[in-house]
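Here is what each chain is made of, one letter per residue.
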Amino acid sequence: MNDDTGVDYVTPWQLCERVDGGGVGVVESSRCSPCSVGDVVTSFNWPWQTHAVMKGSVLQKVDPKLVDGRVSYFLGAVGITGLTALLGVREKGNVTKGANQTMVVSGAAGACGSIAGQIGRLDGCVRVVGICGSDQKCRALVDDLGFSAAINYRREDVPARLAECCPGGIDIYFDNVGGAISDAVITQMNSGSHVILCGQISQYNKDVPYPPPLSEEIKETLRRKNITRERFTVLNYMNKAEAALCELSQRVQSGQINVLETVVNGIENMGGIRIYFWQKGNQTTRNRSDVEHNTASLWTDYQTSDENDWGTTLQQLKFNL
């Protein structure tokens, strides 16, 4: 584990302490007025356990009708990752209808990238190209999410495929990975284009500051082509969250945005499935008319609780990995 996450809103997990992450659950008993029994609530710092006593101030009430009862979507497409995708594209992408723009998304089959590419297409990009790590994911991006093309960085020549898929150059780059892939994309970007610096996952285990430093060659490319590359943190735009979540809900319900999701049953499987995704990658399969994917969430069994402590007692439904 790293001593520093590089951001001020997430702290490192500590050895021998309970881990947490995004979660959604049902209130079973409450001593705080905003939360009533039966309410569905979510939190960014949800403990990995079947029941928890939490302060009502850290919980956000959500309406299952917004996601047709699929409350796991509050951890993804209609939650923080969906917000990051939509607001990142809107605030930093400068997508303009009718401008014949091309967007590239790295980490395109992940929770955020898969939504960002669809938002780019819906907002007016005529070509959206995704970069991911398997042929199966490439097929899902094109066949299920409407990407124009997809590149498997594990077995394809990324610069050559970018030139093939983006003959007019690249106007918007939604960057989730950093490193060599991002260098290849930036090299083929047009003058006056825009990099949305959302994540740098290929660099997180390196002992460098965030955002990681760029090579002199890439710095010169950005300067010479007047390419904007601005860090995007969704928490800086929470004044726009309510309207954005309503839009995401409507687009998911109407089928304009499709959702990639993986569901694994049992809280006892949480540690193992997390390790599996990091070691072996994600496998895209179809299930219940959905594309199941790598933004894994884990169901726990329904149980009753007799806890009568202060705060709000919750029953865990989903954990976001």
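These numbers were taken from a predicted model, which means no experiment stands behind them.

*Asks:* Mind laying out the environment of Met-189, listing which residues take part and the relevant values?
*Replies:* Within the secondary structure, Met-189 sits in strand β9 (residues 189–197). For Met-189, a relative accessible area of 1% gives the class buried. Sequence separation between Met-189 and Val-104 is 85 residues, and the spatial gap between their C-alpha atoms is 9.7 Å. If we skip the residues at most four places from it in the chain, Met-189 touches Ile-170, Asp-171, Ile-172, Tyr-173, His-194, Val-195, Lys-225 and Ile-227.

*Asks:* Run through the sheet that holds strand β8 (residues 170–175), naming residues and quoting values.
*Replies:* Spatially, 6 strands are ordered β7-β6-β5-β8-β9-β10 in an open sheet, and the strand pairing comes out parallel. Edge strands, defined here as strands with exactly one partner in the open sheet, are β7 (149–152) and β10 (228–231). Along the sheet, successive strands turn relative to each other by an average axial angle of 15°, direction set aside. Direction of pairing for strand β5 (residues 102–106) relative to β8: parallel, over a ladder of 3 bridges. When the sheet's bridge partners are listed, Met-103 is paired in β8 with Ile-172. Against the sheet, helix α4 (residues 158–165) makes contact with β5, β6 (127–132), β7 and β8, and its axis sits at roughly 175° relative to β7, the strand it touches most.

*Asks:* Give a detailed account of helix α7 (residues 241–254), specifying residues and quantitative values.
*Replies:* Relative to the 20 Å expected for 14 residues at 1.5 Å per residue, α7 spans 20 Å between its end C-alpha atoms, a close match to the ideal helical length. Those residues of α7 that fall on the buried side of the exposure criterion are Ala-241, Ala-244, Leu-245, Glu-247, Leu-248, Ser-249, Arg-251 and Val-252. Residues of α7 that are buried sit in contact with β4 (60–62), α1 (80–92) and α2 (111–123). Gly-255 sits one or two positions beyond α7 and adopts a positive phi of about 90°.

*Asks:* Account for unusual backbone geometry, naming residues and giving values.
*Replies:* Glycine aside, a negative phi is what most residues show, and trans is what most peptide bonds show. With phi around 55°, Asn-100 is a residue other than glycine that occupies positive phi space. Among the secondary structure elements, Asn-100 is positioned in the loop between α1 and β5. For Asn-100, a relative accessible area of 55% translates into the label exposed. For Asn-226, which is not glycine, the phi torsion reads 55° and is therefore positive. Mapped onto the elements of the fold, Asn-226 is located in the loop between α6 (216–224) and β10.

*Asks:* So, the pattern of salt bridges: which residues are in play, and what are the values?
*Replies:* One side chain can pair with another of opposite charge once the charged atoms of both are near each other. One pass over the structure, following the stated rule, counts 11 salt bridges. Between Glu-164 and Arg-161 there is a salt bridge; the shortest N-O distance is 3.3 Å. Placement of the pair is Glu-164 and Arg-161 together in helix α4, with a separation of 3 residues, close to one helical turn. Glu-164 gets classed as exposed once you look at its relative accessible area, which sits at 57%. The exposure class of Arg-161 is buried, given its relative accessible area of 17%. One network of salt bridges, in which partners are shared, links Arg-90, Asp-123, Glu-247 and Arg-251.

*Asks:* Could you give me a rundown of the nonpolar core, with the residues and numbers involved?
*Replies:* Ranked by internal contacts, the top residues of the largest apolar core, which has 48 residues, are Val-78, Leu-87, Leu-141 and Phe-174. Contributing elements (two or more residues each) for this core: β1 (20–30), α1, β5, α2, β6, α3 (135–143), β8 and α7. Leave out the neighbours within four places in its chain, and Leu-87 touches Lys-92, Phe-232, Val-234, Tyr-237, Lys-240 and Ala-244. Listed in part, the 22 residues of the second largest apolar core include Val-158, Tyr-173, Val-195 and Ile-227.

*Asks:* Tell me what's going on with α1, and back it up with residues and numbers.
*Replies:* Here α1 is 13 residues long and its end C-alpha atoms lie 17 Å apart, about the 18 Å a rise of 1.5 Å per residue gives. Of all the 13 residues making up α1, 10 are buried; the element is thus mostly covered by neighbouring parts of the structure. Along α1, the residues classified as buried are Thr-81, Gly-82, Leu-83, Thr-84, Ala-85, Leu-86, Leu-87, Gly-88, Val-89 and Lys-92. Phi turns positive one or two residues past the end of α1, at Asn-94, with a value near 55°.

Rules behind the numbers
Residues numbered from 1 in each chain as written. Predicted model: local features only at pLDDT ≥ 70, side-chain atom pairs only at ≥ 80, totals over all residues. Heavy atoms only, no water. Helix = DSSP H or I, 4+ residues; strand = E, 2+ residues; numbered from the N terminus. Buried < 20%, exposed > 50% of the residue type's maximum accessible area, 1.4 Å probe, protein only. Contact = heavy atoms within 4.5 Å. Pairing = 2+ DSSP bridges. Axes fitted to C-alpha atoms, helices over the stretch in contact; angles between N-to-C directions. Expected span 1.5 Å × (residues − 1). Salt bridge = Lys/Arg side-chain N within 4 Å of Asp/Glu carboxyl O. Core = buried A, V, L, I, M, F, W, Y, C linked by side-chain atoms within 4.5 Å.

Geometric descriptors of this kind do not, in isolation, establish any biological role.
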